[in-house]
Amino acid sequence: MAPSTPLLTVRGSEGLYMVNGPPHFTESAVLPRESGRNCKVYTFSKDGTLFAWSNGEKVNIISVANKGLLHSFDLPKAVCLEFSPNNTVLATWQPYTTSKDGTAGTPNLQLYDMKTGACLKSFIQKKMQNWCPSWSDDEIICARNVNNEVHFFENNNFNTIANKLHLQKVNDFNLSPGTQPYKVAVYVPGSKGAPSFVRLYQYPNFAGPQAALANKSFFKADKVTMLWNKKATAVLVIASTEVDKTGASYYGEQTLHYIATNGESAVVQLPKNGPIYDVVWNSNSTEFCAVYGFMPAKATVFNLKCDPVFDFGTGPRNAAFYSPHGHILVLAGFGNLRGQMEVWDVKNYKLISKPVASDSTYFAWCPDGEHILTATCAPRLRVNNGYKIWHYTGSLLHKYDVPSNGELWQVSWQPFLDGIFPAKTIKYQAVPSEVPSEEPKVATAYRPPALRNKPVTNSKLHEEEPPQNMKPHPGSDKPLSKTALKNQRKHEAKKAAKQEARSDAAPTPVPQSAPRNTVTQSASGDPEVDKKIKNLKKKLKAIEQLKEQAAAGKQLEKNQLEKIQKETALLQELEDLELGV
């Protein structure tokens, strides 16, 4: 018998409480509501059976099924909580503090036994980043990064270090998912002309030059993100620099690398220049999706040979989310974008729906693989806070808006283990809903008075590229076969890579005679008017640059957003001055 829909946990100015999932959306009796603003953190266990939260005085743990309090710890300053994979240990972290006389502070990372409630071990962990120890899925090994070393413990015995992986200046590590054989990816940043590198090891074989399963080095990296696939056969590495030395981007530069445990490695060739917004593995571990390139961004699915499998074209997007079963992919534009989503059947590469979740700052698939959660949370956005539950076919099933004087800080699904919810056949027809669908307001482009009675021309700032299965093929009305599509994709990828290499090698020279400023200067005959026109154009140019920055994913300041809002008024003023009104 399949379980009911997962619960939703909500944390905000109205307190901490749980809501029953679809189709009910009523407040759950599992957790009595914790009113007030004191809850700083909560977490579920991996299988969703245990729930822990901090109320500003204690950390409490309850059983979700029995609704009973299991343990309570006096940790008033706890801001991070996490369960080990098999619910054996609860890890808690409080900010590290030193005493006034300069002596070392007390240990701030505690590991509690969930059976007895006893503290197994305390560590000093100064940084909040990567604070939590990393367990294998069977809890046989556990690892921590300490002073250029990765320390390994076995069978939750934290009094004895069973193994050490020592590399000069180890900055980060990532333990593979699954059980034996255990693998670990480690990152060492470059220094003094030496490149950065990521190496893969199999536990406990760390000694000797031949111990590494694979190695990938690169020069362009100030920080990396390492992503294992579910079967622990390969790692994707997003290498980022703070500054793009070519001057092409204000936001630094990113490259995507593929490293397999069999020793193979490659740079993933992305056909469009620009930032890498998101990279996600499919749960089948045989393909991954990347969202990349200057806006409008491209999205492409690649196989394990790093060849493109399907190109989704371009659009206003900066994130990708595979469903738990891996059969549906959502491409979305959140944060500075308008919240447009594209829901795709990735077996047939067919578009299912295009819902819009405006102002969203958070997205999560429900473990049942059918429902989607989007939310607008503070402090990212302090207005219009609330959450929405969707069916993947585009129907809005439930909507909750926080009162105008309140804030929503966090909302999430109760997790479940894989296989609890079976995969269902994909539907294309929107499911019925009693919640009226919200038609987003479409912002119309400004048209000067002289053009308002004339036909509209379809001129766009960016020409969007359709998905590859919707591109018109000259001379043929029939869609291409799967083999023809595959060959065409390979040909297009090779052609794009060659063109990019050619443009990198030989930049187009700018003719010396070309004028530096191609903006036509207004000459109204009145110096004061000309001066005003010049100032207005300068302001509009600055607004255009801010809009480009926002589209590329930068979070703008309040005064910068206010400048963008004045664009229409400035355009109107400029039009009036040029027409002599």
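Criteria and cut-off values
- Residues numbered from 1 in each chain as written.
- Predicted model: local features only at pLDDT ≥ 70, side-chain atom pairs only at ≥ 80, totals over all residues.
- Heavy atoms only, no water.
- Helix = DSSP H or I, 4+ residues; strand = E, 2+ residues; numbered from the N terminus.
- Expected span 1.5 Å × (residues − 1).
- Contact = heavy atoms within 4.5 Å.
- Axes fitted to C-alpha atoms, helices over the stretch in contact; angles between N-to-C directions.
- Parallel < 35°, antiparallel > 145°, perpendicular 65-115°, else oblique.
- Left-handed = near helix turned anticlockwise from the far one by under 90°.
- Nonpolar A, V, L, I, M, F, W, Y, C, P; charged D, E, K, R; others polar.
- Buried < 20%, exposed > 50% of the residue type's maximum accessible area, 1.4 Å probe, protein only.
- Polar contact = N/O pair within 3.5 Å; in protein donor to acceptor, adjacent residues only side chain to side chain.
- Pairing = 2+ DSSP bridges.
- Core = buried A, V, L, I, M, F, W, Y, C linked by side-chain atoms within 4.5 Å.
- pLDDT = per-residue confidence, 0-100.
- Phe/Tyr/Trp six-rings, centres within 6.5 Å; stacked < 30°, edge-to-face > 60°.
- Lys NZ or Arg CZ within 6 Å of the ring centre and 35° of its normal.
- Salt bridge = Lys/Arg side-chain N within 4 Å of Asp/Glu carboxyl O.

1. Here's the deal with helix α2 (residues 527-551)
Given a rise of 1.5 Å per residue, 25 residues ought to cover 36 Å, and the 36 Å separating the end C-alpha atoms of α2 matches this to within 8%. Structurally, α2 contributes buried residues whose contacts are with α3 (558-565) and α4 (567-579). Directly after α2, the chain includes Gly-553, whose backbone phi takes a positive value near 105°.

2. A short note on the packing of α2 against α4
The contact between α2 and α4 brings their axes to 10 Å, and the two run at 150°. Judged by the inter-axis angle, α2 sits roughly antiparallel to α4. Here the hand of the crossing between α2 and α4 comes out left-handed. Here α2 contributes Val-529, Lys-532, Ile-533, Leu-536, Lys-537, Lys-539, Leu-540, Ile-543, Glu-544 and Lys-547 to the contact with α4, which in turn contributes Glu-567, Leu-570, Leu-571, Glu-573, Leu-574, Leu-577 and Glu-578. Among the residues making up the contact of α2 with α4, the classes are represented as nine nonpolar, no polar and eight charged.

3. What to know about the side chain of His-71
Position of His-71 among the secondary structure elements: in strand β6 (residues 69-73). The exposure class assigned to His-71 is buried, which follows from its relative accessible area of 13%. Of the polar contacts made by the side chain of His-71, one reaches the backbone oxygen of Met-114; its length is 2.6 Å. With sequence-adjacent residues up to four places away left out, His-71 is seen in contact with Val-59, Asn-60, Ile-61, Asp-113, Met-114, Lys-115, Thr-116 and Gly-117.

4. Some thoughts on the pairing of strand β29 (residues 341-345)
Burial within β29 is extensive, with five of its five residues counted as buried. Neither face of β29 is left uncovered, since the one carrying Met-341, Val-343 and Asp-345 and the one carrying Glu-342 and Trp-344 both have all their residues buried. Pairing of strand β28 (residues 328-332) with β29, which is carried by five bridges, proceeds in the antiparallel orientation. Paired with Leu-331 across the strands is Glu-342, a residue of β29. Between the end of β29 and the start of strand β30 (residues 350-353), which pair antiparallel, lie four residues, with Tyr-349 showing a positive phi angle near 50°.

5. Describing the nonpolar core
Within the largest apolar cluster, 19 residues are counted, with the highest numbers of intra-cluster contacts made by Cys-289, Val-301, Phe-312, Leu-329 and Leu-331. With sequence-adjacent residues up to four places away left out, Leu-329 is seen in contact with Cys-289, Val-301, Phe-312, Ala-320, Phe-321, Tyr-322, Glu-342, Val-343, Trp-344 and Val-346.

6. Section: the sheet that holds strand β33 (residues 386-391)
An order of β31-β32-β33-β34 is seen for the four strands of this open sheet, with the pairing classed as antiparallel. Edge strands, defined here as strands with exactly one partner in the open sheet, are β31 (362-365) and β34 (396-401). Taking each pair of neighbouring strands and ignoring which way they run, the sheet shows an average axis angle of 15°.

7. Here's the deal with the confidence of the model for the protein
A residue-level look at the protein finds 84% of positions with pLDDT of 70 or above and a mean pLDDT of 82. Looking over the protein, one finds the lowest element-wise mean pLDDT in helix α1 (residues 482-505), namely 63, and the highest in strand β27 (residues 319-322), namely 93. With pLDDT under 50 throughout, residues 474-478 is counted as low confidence; its partners more than four residues away or in other chains account for zero contacts.

8. Let's talk about the environment of Asn-174
In this fold, Asn-174 is placed in strand β15 (residues 172-175). Here Asn-174 falls in the partly exposed class, since its relative accessible area comes to 23%. Put simply, Asn-174 and Met-226 are 52 residues apart on the chain and 6.8 Å apart in space, counted from C-alpha to C-alpha. Once residues lying within four places of it in the same chain are set aside, the contact partners of Asn-174 are Lys-183, Val-184, Ala-185, Met-226 and Trp-228.

9. Overview of the packing of aromatic side chains
Counting across every chain of the model gives 24 aromatic pairs. Following the ring pairs from residue to residue traces out a cluster consisting of Phe-152, Tyr-182, Tyr-201, Tyr-203 and Phe-206. The ring of Tyr-17 carries Arg-33 above its face, with NZ or CZ at 3.8 Å from the centroid. Cation over ring: Arg-144 sits above Phe-123, and NZ or CZ is 4.2 Å from the ring centre.

10. Observations concerning the pairing of strand β25 (residues 297-303)
With six of its seven residues buried, β25 lies for the most part within the structure. Both strand β24 (residues 287-292) and β25 contribute to a ladder of six bridges, which runs antiparallel. From the neighbouring strand, Ala-290 faces β25, where its bridge partner is Thr-300. Once β24 ends, the chain turns through four residues before running back antiparallel as β25, passing Gly-293 with a positive phi of about 95°. What sits between the antiparallel neighbours β25 and strand β26 (residues 308-315) is a turn of four residues, in which Cys-306 has the positive phi angle 65°.

11. Some details on the sheet that holds strand β20 (residues 234-241)
Strands sit in the order β19-β20-β21-β22 across an open sheet of four strands; the sheet is antiparallel. Unpaired on one side and paired on the other, β19 (223-228) and β22 (265-267) mark the two borders of the sheet. When the angles between neighbouring strand axes are averaged without regard to direction, this sheet yields 20°. Examined bridge by bridge, β20 and strand β21 (residues 253-260) share eight bridges and lie antiparallel to one another. Bridge assignment links Ser-240 to a residue of β21, and that residue is Gln-254.

12. Looking at the pattern of salt bridges
The full count for this structure, using the stated rule, is 10 salt bridges. A salt bridge links Arg-33 to Glu-27; its shortest N-O distance comes to 2.9 Å. You can call Arg-33 partly exposed: its relative accessible area is 38%. We note a salt bridge from Arg-317 to Glu-342, for which the minimum N-O separation is 3.0 Å. Residue Arg-317 is found in the loop between β26 and β27, and its partner Glu-342 is found in strand β29; the two are separated by 25 residues along the sequence. By relative accessible area, Glu-342 is classed as buried at 14%.

13. Here we look at the environment of Ala-430
Within the secondary structure, Ala-430 is located in the loop between β35 (408-413) and α1. Taking the C-alpha atoms as reference points, Ala-430 and His-391, separated by 39 residues in sequence, lie 8.0 Å from one another. Not counting the four nearest positions on each side in its chain, Ala-430 is found in contact with Thr-393 and Ser-395.

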